Amino acid sequence: MEITPILVATSVVLVCSISVVMTIVRLPGTWLILATAFGLGWYTSWREVGALLIAILAALAIIGELLETLLSAAVARRAGASRHAMIGGMIGSLVGLILFSCLIPIPIIGSFLGALLGCFLGAVIGENWKKRRLNQSAKVGMAAAWGFLLGAGAKTMIGVVMACVVVASAVTLCKQGTPNSPDPIRQNDALPNHQETP
């Protein structure tokens, strides 16, 4: 099957859409967008997506990871969370993501609710590990959940920006046609004229 620009553009839109959804539940969607951009650059011989754009997208992916981690930690720290609580929140969000994806098989909703609830419970369990009171542990758990929301929101916004940039490059490719394809008009002009003069 011939790989046409329309097929490539459609695939890019699909992968970028899935990647944005992945960022909502704290999966590496931004890195999948970066990989998609790299593939698009290779397909176009780095015409639509060059080294500068790849570097910018990589920087955005790193910023997204930092914002997700730092916002979650900062909010939890303000509530007096211990290291055990923060580690418990991270582990709990991952376990909740996997568990609720099976229990509530609704795309995005089940995974997101599971990760959020798992973050809360993980932080509470981690805080109780330090022999804290239950009300203090619940306060830390709520802060961890809010931090999860802020971090996921910031990373998702960055993922949307990255996806829009890559999709725009794919649409431009679709309008221009197959990379490095010969221009049929110029090709016809280059043909020798064998018409005999009467």
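Structure's up top.
Residues numbered from 1 in each chain as written. Predicted model: local features only at pLDDT ≥ 70, side-chain atom pairs only at ≥ 80, totals over all residues. Heavy atoms only, no water.

Chemist: Outline the packing of helix 1 (residues 5-24) against helix 2 (residues 29-43), supporting the account with residue identities and numerical values.
Modeler: Closest axis-to-axis distance for the helix 1/helix 2 pair is 8 Å, and the angle between their directions is 165°. Our classification of the angle between helix 1 and helix 2 gives roughly antiparallel. As helix 1 runs across helix 2, the sense of the crossing is left-handed. Taken together, the residues of helix 2 that come into contact with helix 1 (itself represented by P5, V8, V12, V15, C16, S19, V20, M22 and T23) are G29, T30, L32, I33, T36, L40 and Y43. Within the contact of helix 1 with helix 2, the residues separate by chemical class into 11 nonpolar, five polar and no charged. (Axes fitted to C-alpha atoms, helices over the stretch in contact; angles between N-to-C directions. Helix = DSSP H or I, 4+ residues; strand = E, 2+ residues; numbered from the N terminus. Parallel < 35°, antiparallel > 145°, perpendicular 65-115°, else oblique. Left-handed = near helix turned anticlockwise from the far one by under 90°. Contact = heavy atoms within 4.5 Å. Nonpolar A, V, L, I, M, F, W, Y, C, P; charged D, E, K, R; others polar.)

Chemist: Got a sec to walk through the pattern of salt bridges? Specific residues and values, please.
Modeler: For the structure shown, the criterion picks out two salt bridges. One salt bridge connects K155 with E65, and the closest N-O pair in it is separated by 2.9 Å. Of this pair, K155 sits in helix 6 (residues 134-176) while E65 sits in helix 3 (residues 51-78), placing them 90 residues apart in sequence. Its relative accessible area of 1% is what places K155 among the buried residues. Note that E68 and K155 form a salt bridge whose closest N and O atoms lie 3.5 Å from each other. Taken together, the residues span a long stretch of sequence, with E68 in helix 3 and K155 in helix 6 at a distance of 87 residues. Accessibility expressed as a relative area gives 5% for E68, which makes it buried. Each of E65, E68 and K155 takes part in one network of salt bridges that share partners. (Salt bridge = Lys/Arg side-chain N within 4 Å of Asp/Glu carboxyl O. Buried < 20%, exposed > 50% of the residue type's maximum accessible area, 1.4 Å probe, protein only.)

Chemist: Please give an account of unusual backbone geometry that cites residues and values.
Modeler: Residue S45 is not a glycine yet carries a positive backbone phi of 55°. Given a relative accessible area of 43%, S45 falls into the partly exposed group. Positioned with a positive phi, W46 is a non-glycine residue whose angle comes to about 65°. Tracing the sequence through the fold places W46 in the loop between helix 2 and helix 3. Its relative accessible area of 38% is what places W46 among the partly exposed residues.

Chemist: Can you break down a nonpolar patch on the surface residue by residue, with the values?
Modeler: Together, I87, M90, I91, V95, L99 and L103 line one region of the surface with nonpolar side chains, adding up to about 590 Å² of accessible area. Secondary-structure assignment places I87 in helix 4 (residues 83-103). On the basis of relative accessible area, I87 is assigned to the partly exposed category, the value being 41%. (Patch = residues over 30% accessible without salt bridge, like charges linked within 9 Å, V, L, I, M, F, W, Y side chains within 5 Å. Areas by Shrake-Rupley, 256 points an atom, 1.4 Å probe, with all protein chains shown as cover.)

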